[in-house]
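# Structural overview
Listed below, chain by chain, are the residues.
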Amino acid sequence: TASSMAKSGRMCRIRIIRTQIFRIKKLKNDKTMAKKNDGQVRFADGCVVNRNIVYMASQVITLKDFEHSRMFNFKNEVWGHYDLDFVVWSICSIDKPVPAVLSIGRGGQIDINSKGKGTIETITDAGVGSNKLGYVNQIREIAGKLYVCGGSGQIYRREAKGWEHFDDGVLDPK
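Remember, predicted model here, so these are calculated numbers, not experimental data. (Residues numbered from 1 in each chain as written. Predicted model: local features only at pLDDT ≥ 70, side-chain atom pairs only at ≥ 80, totals over all residues. Heavy atoms only, no water.)

With that settled, the discussion passes to the pattern of salt bridges. Counted under the stated rule, the structure contains 7 salt bridges. A salt bridge links Glu-67 to Arg-106; its shortest N-O distance comes to 2.5 Å. Here Glu-67, found in the loop between β4 (53–60) and β5 (69–75), pairs with Arg-106, found in the loop between β8 (100–105) and β9 (109–114); they are 39 residues apart in sequence, far enough to count as distant. A salt bridge links Lys-161 to Glu-164; its shortest N-O distance comes to 3.7 Å. When its relative accessible area of 73% is taken as the criterion, Lys-161 is described as exposed. (Salt bridge = Lys/Arg side-chain N within 4 Å of Asp/Glu carboxyl O. Helix = DSSP H or I, 4+ residues; strand = E, 2+ residues; numbered from the N terminus. Buried < 20%, exposed > 50% of the residue type's maximum accessible area, 1.4 Å probe, protein only.)

Here it is, written out as C-alpha coordinates:
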(Lines give C-alpha, C1' and ligand atoms only; values in the text may rest on other atoms or scores of the structure.)
Protein backbone atom coordinates (compact mmCIF):
# COMPACT_ATOMS: atom_id res chain seq x y z
CA THR A 1 0.00 0.00 0.00
CA ALA A 2 1.00 3.63 -0.32
CA SER A 3 1.16 3.91 3.45
CA SER A 4 3.61 1.04 3.86
CA MET A 5 5.73 2.33 0.94
CA ALA A 6 5.84 5.79 2.46
CA LYS A 7 6.72 4.41 5.90
CA SER A 8 9.69 2.54 4.48
CA GLY A 9 11.43 5.91 4.24
CA ARG A 10 13.00 5.04 0.90
CA MET A 11 13.19 7.54 -1.93
CA CYS A 12 11.93 5.10 -4.50
CA ARG A 13 9.93 5.35 -7.69
CA ILE A 14 6.47 3.84 -7.76
CA ARG A 15 5.86 2.05 -11.05
CA ILE A 16 2.20 1.72 -11.86
CA ILE A 17 0.89 0.17 -15.03
CA ARG A 18 -0.89 2.90 -16.99
CA THR A 19 -3.71 0.66 -18.16
CA GLN A 20 -4.70 -0.49 -14.68
CA ILE A 21 -7.81 1.23 -13.36
CA PHE A 22 -8.44 1.97 -9.72
CA ARG A 23 -11.50 3.26 -7.93
CA ILE A 24 -10.81 6.02 -5.43
CA LYS A 25 -13.43 7.03 -2.90
CA LYS A 26 -14.76 10.50 -3.50
CA LEU A 27 -12.69 12.86 -1.40
CA LYS A 28 -14.35 15.08 1.16
CA ASN A 29 -15.23 18.60 -0.03
CA ASP A 30 -14.48 17.79 -3.69
CA LYS A 31 -16.50 20.22 -5.80
CA THR A 32 -14.45 20.00 -9.00
CA MET A 33 -15.26 17.58 -11.81
CA ALA A 34 -18.17 16.12 -9.83
CA LYS A 35 -19.88 13.58 -12.07
CA LYS A 36 -21.15 10.06 -11.66
CA ASN A 37 -18.21 7.61 -11.48
CA ASP A 38 -15.68 10.43 -11.34
CA GLY A 39 -13.80 8.32 -8.79
CA GLN A 40 -12.43 6.12 -11.58
CA VAL A 41 -8.91 7.20 -12.38
CA ARG A 42 -5.97 5.87 -14.34
CA PHE A 43 -2.64 6.35 -12.58
CA ALA A 44 0.31 7.50 -14.68
CA ASP A 45 3.19 7.93 -12.23
CA GLY A 46 4.09 8.44 -8.59
CA CYS A 47 6.91 9.31 -6.24
CA VAL A 48 7.76 8.97 -2.57
CA VAL A 49 8.89 12.28 -1.11
CA ASN A 50 9.66 10.95 2.37
CA ARG A 51 8.28 8.47 4.86
CA ASN A 52 5.12 10.57 5.33
CA ILE A 53 4.42 11.93 1.83
CA VAL A 54 3.54 10.20 -1.47
CA TYR A 55 2.33 11.84 -4.71
CA MET A 56 0.42 10.12 -7.54
CA ALA A 57 -0.50 11.52 -10.97
CA SER A 58 -3.75 10.32 -12.54
CA GLN A 59 -6.41 11.16 -15.10
CA VAL A 60 -10.14 10.94 -14.40
CA ILE A 61 -11.44 8.36 -16.88
CA THR A 62 -14.78 10.08 -17.52
CA LEU A 63 -12.85 13.18 -18.64
CA LYS A 64 -10.46 11.37 -21.00
CA ASP A 65 -11.24 13.79 -23.85
CA PHE A 66 -10.03 16.79 -21.81
CA GLU A 67 -6.46 17.80 -20.97
CA HIS A 68 -6.27 17.34 -17.20
CA SER A 69 -4.60 15.49 -14.35
CA ARG A 70 -5.67 14.82 -10.81
CA MET A 71 -2.69 14.86 -8.47
CA PHE A 72 -3.21 12.79 -5.33
CA ASN A 73 -1.07 13.34 -2.26
CA PHE A 74 -0.85 11.15 0.82
CA LYS A 75 0.43 13.25 3.71
CA ASN A 76 0.58 11.99 7.27
CA GLU A 77 -1.98 9.21 6.66
CA VAL A 78 -4.50 11.53 4.90
CA TRP A 79 -5.31 11.60 1.15
CA GLY A 80 -5.82 14.90 -0.65
CA HIS A 81 -5.71 16.08 -4.25
CA TYR A 82 -5.52 19.01 -6.63
CA ASP A 83 -6.19 19.29 -10.37
CA LEU A 84 -3.98 20.47 -13.23
CA ASP A 85 -5.18 21.47 -16.70
CA PHE A 86 -2.64 19.33 -18.57
CA VAL A 87 -1.86 15.61 -18.81
CA VAL A 88 0.94 14.67 -16.40
CA TRP A 89 3.23 11.86 -17.58
CA SER A 90 5.96 11.98 -14.97
CA ILE A 91 6.64 13.37 -11.50
CA CYS A 92 9.65 13.57 -9.21
CA SER A 93 10.58 15.21 -5.94
CA ILE A 94 13.58 17.36 -5.11
CA ASP A 95 15.05 18.60 -1.82
CA LYS A 96 17.06 21.60 -3.05
CA PRO A 97 16.97 24.52 -3.41
CA VAL A 98 13.62 24.01 -1.62
CA PRO A 99 11.61 20.78 -1.27
CA ALA A 100 9.17 20.44 -4.17
CA VAL A 101 7.27 17.96 -6.34
CA LEU A 102 7.59 18.53 -10.09
CA SER A 103 4.95 17.24 -12.49
CA ILE A 104 5.61 17.36 -16.23
CA GLY A 105 2.92 17.51 -18.88
CA ARG A 106 3.55 16.02 -22.29
CA GLY A 107 3.41 19.50 -23.87
CA GLY A 108 6.29 20.78 -21.72
CA GLN A 109 4.29 22.28 -18.84
CA ILE A 110 5.94 21.76 -15.46
CA ASP A 111 4.03 22.26 -12.22
CA ILE A 112 6.39 22.97 -9.33
CA ASN A 113 4.51 22.34 -6.09
CA SER A 114 6.34 23.60 -3.02
CA LYS A 115 4.71 24.02 0.38
CA GLY A 116 1.27 23.61 -1.18
CA LYS A 117 1.75 26.37 -3.75
CA GLY A 118 2.17 25.62 -7.44
CA THR A 119 3.98 27.55 -10.13
CA ILE A 120 4.10 26.62 -13.81
CA GLU A 121 7.18 26.63 -16.03
CA THR A 122 7.12 25.76 -19.74
CA ILE A 123 9.65 24.17 -22.07
CA THR A 124 8.86 26.26 -25.14
CA ASP A 125 9.73 23.81 -27.93
CA ALA A 126 8.18 20.71 -26.31
CA GLY A 127 4.80 19.46 -27.52
CA VAL A 128 3.27 19.26 -30.97
CA GLY A 129 2.62 21.93 -33.56
CA SER A 130 4.65 24.54 -35.39
CA ASN A 131 8.26 24.82 -34.14
CA LYS A 132 7.69 22.04 -31.58
CA LEU A 133 9.88 18.94 -31.20
CA GLY A 134 7.31 16.51 -29.78
CA TYR A 135 5.94 15.38 -26.45
CA VAL A 136 8.14 15.02 -23.38
CA ASN A 137 7.63 12.05 -21.10
CA GLN A 138 10.04 11.95 -18.14
CA ILE A 139 11.44 14.29 -15.51
CA ARG A 140 14.22 13.26 -13.12
CA GLU A 141 16.77 14.75 -10.79
CA ILE A 142 20.25 13.38 -11.47
CA ALA A 143 23.23 14.51 -9.40
CA GLY A 144 21.41 17.64 -8.24
CA LYS A 145 20.25 18.72 -11.73
CA LEU A 146 16.77 18.39 -13.25
CA TYR A 147 16.42 16.69 -16.64
CA VAL A 148 13.47 16.17 -18.98
CA CYS A 149 13.47 13.86 -22.00
CA GLY A 150 11.08 13.37 -24.90
CA GLY A 151 10.09 11.21 -27.84
CA SER A 152 12.22 13.01 -30.45
CA GLY A 153 15.42 12.47 -28.51
CA GLN A 154 15.16 15.85 -26.87
CA ILE A 155 16.85 16.23 -23.49
CA TYR A 156 16.53 19.39 -21.44
CA ARG A 157 18.44 20.42 -18.33
CA ARG A 158 17.25 23.09 -15.93
CA GLU A 159 19.79 25.85 -15.53
CA ALA A 160 19.63 29.19 -13.69
CA LYS A 161 18.17 30.87 -16.80
CA GLY A 162 15.60 28.16 -17.53
CA TRP A 163 15.30 24.90 -19.47
CA GLU A 164 18.12 24.42 -21.98
CA HIS A 165 18.83 21.72 -24.56
CA PHE A 166 21.29 19.04 -23.43
CA ASP A 167 20.86 16.82 -26.49
CA ASP A 168 23.59 17.70 -28.99
CA GLY A 169 23.99 14.65 -31.24
CA VAL A 170 20.87 12.95 -29.85
CA LEU A 171 18.01 15.19 -30.95
CA ASP A 172 16.02 13.96 -33.97
CA PRO A 173 13.90 17.00 -35.01
CA LYS A 174 12.06 15.23 -37.91
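Ranked by internal contacts, the top residues of the largest apolar core, which has 16 residues, are Leu-102, Ile-110, Ile-123, Ile-139, Val-148, Tyr-156 and Trp-163. Those elements giving two or more residues to this core turn out to be β7 (88–94), β8, β9, β11 (136–142) and β12 (145–150). The element contributing the most residues to this core is β8, with 3 residues. In this structure, Leu-102 is in contact with Ser-90, Ile-91, Cys-92, Ile-94, Ile-110, Asp-111, Ile-112, Ile-139 and Leu-146, ignoring residues within four places of it in sequence. Of all hydrophobic cores here, the second largest spans 12 residues; its members include Cys-47, Leu-84, Phe-86 and Val-101. (Core = buried A, V, L, I, M, F, W, Y, C linked by side-chain atoms within 4.5 Å. Contact = heavy atoms within 4.5 Å.)

Counting buried residues in β9 gives 5 out of 6 residues, a clear majority hidden from the surface. Sheet analysis places β8 next to β9, joined by 4 bridges and oriented antiparallel. In the strand pairing of β9, Ile-104 is matched with Ile-110. Here β8 hands over to β9 after 3 residues, with Gly-108 in that stretch at a positive phi of 95°. Here β9 pairs with strand β10 (residues 117–122) via 6 bridges, running antiparallel. Residue pairing across strands places Asn-113 opposite Gly-118, the latter belonging to β10. Where β9 hands over to β10, the hairpin turn is made up of 2 residues, of which Lys-115 adopts a positive phi near 55°. (Pairing = 2+ DSSP bridges.)

Let us look at the sheet that holds β10. Ordered in space as β7-β8-β9-β10, the 4 strands form an open sheet in which the pairing is antiparallel. At either margin of the open sheet sits one strand with a lone partner, and together these are β7 and β10. Each strand of the sheet is rotated relative to its neighbour by a mean of 20°, with strand direction disregarded. (Axes fitted to C-alpha atoms, helices over the stretch in contact; angles between N-to-C directions.)

The description of an aromatic ring pair uses the distance of the two centres, along with the angle that the planes make with each other. Inspection of the entire model under this criterion finds 4 aromatic pairs. Summarising the aromatic geometry, the rings of Phe-72 and Trp-79 are spaced 6.3 Å apart at their centres and angled 85° between planes, so their arrangement reads as edge-to-face. A relative accessible area of 4% places Phe-72 in the buried class. Residue classification places Trp-79 among the partly exposed residues on the basis of a relative accessible area of 39%. Taken together, the ring pairs in this structure connect Phe-43, Phe-72, Phe-74 and Trp-79 into an aromatic cluster. Across from the ring centre of Tyr-135, 5.0 Å away, lies the NZ or CZ of Arg-106, which sits over that ring. (Phe/Tyr/Trp six-rings, centres within 6.5 Å; stacked < 30°, edge-to-face > 60°. Lys NZ or Arg CZ within 6 Å of the ring centre and 35° of its normal.)

Here the focus is the confidence of the model for the chain. Counting all residues, the mean pLDDT for the chain is 80, and 78% of those residues have values of 70 or more. For the stretch residues 1–37, pLDDT sits under 50, and the model shows 80 contacts to residues farther than four places along the chain or on other chains. (pLDDT = per-residue confidence, 0-100.)

Attention now moves to unusual backbone geometry. Cis geometry marks the peptide bond from Lys-96 to Pro-97, where omega comes out at 5°. Mapping Pro-97 onto the fold places it in the loop between β7 and β8. Look at Asn-131: it is not a glycine, yet its phi comes out positive at around 60°. Its location among the elements puts Asn-131 in the loop between β10 and β11. Judged by relative accessible area, Asn-131 falls into the exposed class, the value being 72%. Of note, the phi angle at Ala-143 is positive, near 50°, even though the residue is not glycine.

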